[in-house]
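Analysis of the macromolecular model
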Amino acid sequence: MSRYRLMMLGPPGAGKGTQAKRLADRLDIPHVSTGDMLREARRKESELGKKAAQFMEAGKLVPDEVVIGIVRERLEEDDAADGFILDGFPRTRPQAEALAEMGVDLDFVINIEVADEEVVSRLGGRLSCPNCGAVYHKEAKPPKEDDVCDVCGHRGLITRDDDRPEAIRQRLDSYHQKTSPLIEFYSERDVLENVDGAGSPDEVNDAIARRLNGD
Ligand code: AMP
């Protein structure tokens, strides 16, 4: 089976994580999420986690050199040798340039398009499991049993610090200022595939599969 080097692009709340997990399972490639790695570092209270925490809580981007370092290390692991899906990285032009300097040639950049108002409503109602990272929505996708994670059974779902209203506004700002220029960056390199993110996770998944198959 061919192994892909993929990247998910799009605003916060576009469904990058959900789609990246599905693709990683289907294509048998590792899911490399900088957000997940940073949250894990925060949970363990490692030096990296302490450095990242203040930025994350405010909805700000963690400095480029910190994130570039963790991605470089992760991509050197054996399981990423011939394929992976990047989720949440690169998020700035210097990060995209650093990735290219690592010798990584992306096959596809999947850009999930979602309007700002939709982002605010999705993230404002989002609930996360602090134990396994599963994600729910108060109205659109509540857990089967109130406040209990369907996946791992953990009781006590939380609103991530960065899903509070001020942080959501800050994350959208960072997206428009620093991340959305990457649409042009990857379009110029002929690897960009735009996908409408407004549908259900299954519909978005089908649209991505069609693009990867060249339909
Ligand atoms: P995410 O789960 O991808 O929304 O990431 C959560 C938070 O982690 C972001 O709001 C940033 O504070 C930080 N973060 C994740 N990926 C990056 C990145 N590539 N560059 C800078 N900060 C990042």
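First, a word on what this report is: a plain description of the structure on this page.

Quick notes on the rules
Residues numbered from 1 in each chain as written. Predicted model: local features only at pLDDT ≥ 70, side-chain atom pairs only at ≥ 80, totals over all residues. Heavy atoms only, no water. Helix = DSSP H or I, 4+ residues; strand = E, 2+ residues; numbered from the N terminus. Rg over C-alpha atoms; globule rule 2.2 N^0.38 Å. Buried < 20%, exposed > 50% of the residue type's maximum accessible area, 1.4 Å probe, protein only. Contact = heavy atoms within 4.5 Å. Areas by Shrake-Rupley, 256 points an atom, 1.4 Å probe, with all protein chains shown as cover. Lys, Arg positive; Asp, Glu negative; His and termini not counted. Charge placed at Lys NZ, Arg CZ, Asp CG, Glu CD. Arc of directions from axis to C-beta. Near = heavy atom within 4 Å. Polar contact = N/O pair within 3.5 Å; in protein donor to acceptor, adjacent residues only side chain to side chain. Core = buried A, V, L, I, M, F, W, Y, C linked by side-chain atoms within 4.5 Å. Salt bridge = Lys/Arg side-chain N within 4 Å of Asp/Glu carboxyl O. Disulfide = S-S within 2.5 Å.

Comments concerning the overall build of the protein
If you tally the helices and strands in the protein, you get nine helices and seven strands. Relative to the 2.2 N^0.38 estimate, which gives 17 Å for 215 residues, the radius of gyration of the protein is 17 Å and therefore close to what a compact globule would have. Expressed as a percentage of the 215 residues in the protein, the buried residues total 45%. For the protein, contacts bridging at least 24 residues in sequence account for 67% of all contacts bridging at least 6. Split by element, the accessible area of the protein, about 11,300 Å² in all, is 45% carbon and sulfur. Across the protein, the 31 positively charged side chains and the 43 negatively charged ones have centroids separated by 3 Å.

Thoughts on helix 6 (residues 116–124)
For helix 6, the set of buried residues is Val119, Arg122 and Leu123. One side of helix 6 holds all its buried residues, which, seen down the axis, span an arc of 90 degrees.

What about unusual backbone geometry?
In this chain, Phe89 is followed by Pro90 through a cis amide linkage whose omega measures -5 degrees. Relative to the assigned elements, Pro90 resides in the loop between strand 3 (84–87) and helix 5 (93–101). One non-glycine residue, Glu45, lies in positive phi territory at about 55 degrees. Examined against the element boundaries, Glu45 turns out to sit in the loop between helix 2 (34–44) and helix 3 (47–57). Judged by its relative accessible area of 58%, Glu45 falls in the exposed class.

Concerning the environment of Leu182
Residue position: Leu182 is located in helix 8 (residues 181–188). Taking the C-alpha atoms as reference, Leu182 lies 32 Å from Glu139; in sequence the two are 43 residues apart. The contact partners of Leu182, leaving out residues within four places of it in the chain, are Leu9, Pro90, Arg91, Thr92, Arg93 and Ala96.

Examining the site of the ligand
Close to the ligand lie 16 residues, the nearest being Thr34, Arg39, Lys60, Gly88 and Gln95. In the environment of the ligand, a nitrogen atom lies 2.8 Å from a nitrogen or oxygen atom belonging to the backbone of Gly88. In the environment of the ligand, a nitrogen atom lies 3.0 Å from a nitrogen or oxygen atom belonging to the side chain of Arg91. For the ligand, the accessible surface in isolation is 480 Å², of which the surrounding protein chains cover 95%. The dominant element in the shell around the ligand, judged by the number of residues it contributes, is helix 2, at four residues.

What about the nonpolar core?
With 28 residues, the main nonpolar core has Leu75, Phe84, Leu86, Leu99, Leu106, Val109 and Tyr186 as its most contacted residues. Residue assignment for this core shows that the elements contributing at least two residues are strand 1 (5–9), helix 3, helix 4 (64–75), strand 3, helix 5 and helix 8. If you tally residues by element for this core, the top one is helix 4, at six residues. Counting 23 residues, the second-largest nonpolar core is a separate cluster that includes Ile85, Ile110, Val119 and Leu212.

With respect to the pattern of salt bridges
Following the criterion strictly, the structure yields 22 salt bridges and no others. For Glu77, the salt bridge goes to Arg74, with nearest N and O atoms at 3.4 Å. Across the salt bridge formed by Asp162 and Arg160, the nearest N and O atoms sit 2.9 Å from each other. Residue classification places Asp162 among the buried positions, given a relative accessible area of 9%.

Considerations on the state of the cysteines
With the rule as written, the count across this model stands at zero disulfides. As a non-bridged cysteine, Cys129 has Cys152 as the owner of its nearest cysteine sulfur, 3.7 Å distant.

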